[in-house]
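Structure at a glance
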Amino acid sequence: MTRETVDLEWTDDVATVTIDRPDRLNALNRETLSDLEDVLEETDEARAVVVTGAGDDAFVAGADIGYMQDLSTPEAQEYAELGHRVFDAITTHDAPVIAAVNGYAFGGGCELALASDLRIASENAVLGQTEIDLGIVPGWGGTQRLPRIASDSTARRMVFLGERLGAEEALEEGVVDDVVSQDELDEVVAEMAAEVAAKPTAAMTAAKEALNQAHETSQEAGLAFERRLWSGLFGTHDQREGMAAFVEDREPEFE
Ligand code: COA
């Protein structure tokens with residue numbers, strides 16, 4: 001079900017989630033975050049999820065500054081926890097989540113992209129952890145995810161200076177995975193999502209879990225985790241089918 005500020009559309013098994021507050025450049029206030037949380041729950045069965053922003057100018061221009069302006073510490077903590085819960089739902093979603101970064105992605109918008117598995121930006125995209133100029137720091141995962149995705153020095157520059165990276169610079173710094181023209185973005189992301197959705201589901205979920213684990217644990221524990229996931233895939237329909245198709249020199253038919 002579509003909520004007031006977040007739309008959900010389906011194309012086969014691909015769910016596209018659109019933050020829809022264009023008059024505020026899709027800034028995330030409490031309502032939008034709650035809508036996003038609800039909508040994400042409805043994408044449980046998706047085999048790929050796309051997250052994007054409504055309109056031509058912004059992916060998400062951040063947390064809602066007007067809303068945050070007078071928050072007390074307990075209120076800010078509650079807002080931070082809500083943001084973390086929603087972004088964790090993206091990180092731990094069974095299916096890969098692709099951010100189609102179609103314009104400004106500042107503060108919480110940049111963090112929403114960073115919580116996603118893949119980031120495809122349009123040429124007009126600008127990404128930044130700009131919180132320092134508001135007297136705060138990234139609060140929805142930016143300080144933790146950015147150095148893991150890009151480099152520690154990129155993260156320090158972006159977080160200390162509030163540096164805003166154009167799409168090409170973000171690509172060079174490893175903050176986004178690809179840059180395409182504004183006209184092509186939806187199509188490129190839709191094709192990628194369809195390709196991901198056509199892959200074996202259990203293996204895809206295992207791949208995401210294993211890669212996530214690489215950032216959470218020692219290499220030894222991560223390798224043990226990988227072995228368990230790997231072995232657990234044997235006997236699934238898609239493992240039997242994928243290997244039989246190879247041996248029989250035909251295309252596999254995954255579940
Ligand atoms: N929170 C709340 N409202 C926001 C917002 C945010 N993060 N970002 C933009 N808006 C609102 C603006 O206040 C403006 O509202 P108005 O029409 O009532 O004046 C509307 O969205 C359009 O933004 P505007 O600033 O007029 O557009 P612009 O094209 O001149 O500039 C930005 C775009 C993104 C450069 C600029 O809006 C900006 O710097 N936003 C804040 C980014 C930020 O620091 N985000 C981190 C928050 S933690």
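Structural data are supplied above this passage.
Residues numbered from 1 in each chain as written. Predicted model: local features only at pLDDT ≥ 70, side-chain atom pairs only at ≥ 80, totals over all residues. Heavy atoms only, no water.

A positive phi angle, close to 50 degrees, is found at Leu-25, a residue other than glycine. Here the phi dihedral of Asp-249 falls at roughly 55 degrees; this positive angle occurs in a residue that is not glycine. Along the chain, Asp-249 falls in the segment after helix H11 (237–247). (Helix = DSSP H or I, 4+ residues; strand = E, 2+ residues; numbered from the N terminus.)

By the definition in use, this model includes 5 aromatic pairs. An angle of 75 degrees between the planes, with centres 5.7 Å apart, marks the rings of Phe-87 and Trp-140 as edge-to-face. Of the two residues, Phe-87 sits in helix H3 (residues 73–91) while Trp-140 sits in the loop between strand S8 (126–128) and helix H5 (142–149), which places them 53 residues apart along the sequence. The residues Phe-87 and Trp-140 share a single accessibility class, namely buried. Taken together, Tyr-67, Tyr-79, Phe-87 and Trp-140 form an aromatic cluster joined through their ring pairs. Cation over ring: Arg-164 sits above Phe-106, and NZ or CZ is 4.4 Å from the ring centre. (Phe/Tyr/Trp six-rings, centres within 6.5 Å; stacked < 30°, edge-to-face > 60°. Buried < 20%, exposed > 50% of the residue type's maximum accessible area, 1.4 Å probe, protein only. Lys NZ or Arg CZ within 6 Å of the ring centre and 35° of its normal.)

Moving on, we get to the site of the ligand. Neighbouring the ligand are 16 residues; Arg-24, Ala-61, Ala-63, Ile-65 and Thr-130 lie closest to it. Asp-23 is positioned such that a nitrogen or oxygen atom in its backbone is 3.5 Å from an oxygen atom of the ligand. One of the backbone N or O atoms of Ala-61 is found 3.0 Å from a nitrogen atom in the ligand. Contact with the protein chains removes 59% of the 860 Å² of surface that the ligand exposes when unbound. At the level of elements, helix H2 (65–68) and strand S6 (104–106) are the ones that each hand at least two residues to the shell around the ligand. (Near = heavy atom within 4 Å. Polar contact = N/O pair within 3.5 Å; in protein donor to acceptor, adjacent residues only side chain to side chain. Areas by Shrake-Rupley, 256 points an atom, 1.4 Å probe, with all protein chains shown as cover.)

For the pair H3 and helix H4 (residues 108–115), the least separation of the axes is 8 Å and the interaxial angle reads 30 degrees. The orientation of H3 relative to H4 falls into the category roughly parallel. Where H3 abuts H4, its residues Phe-87, Ile-90 and Thr-91 lie against Gly-108, Glu-111, Leu-112 and Ala-115. (Axes fitted to C-alpha atoms, helices over the stretch in contact; angles between N-to-C directions. Parallel < 35°, antiparallel > 145°, perpendicular 65-115°, else oblique. Contact = heavy atoms within 4.5 Å.)

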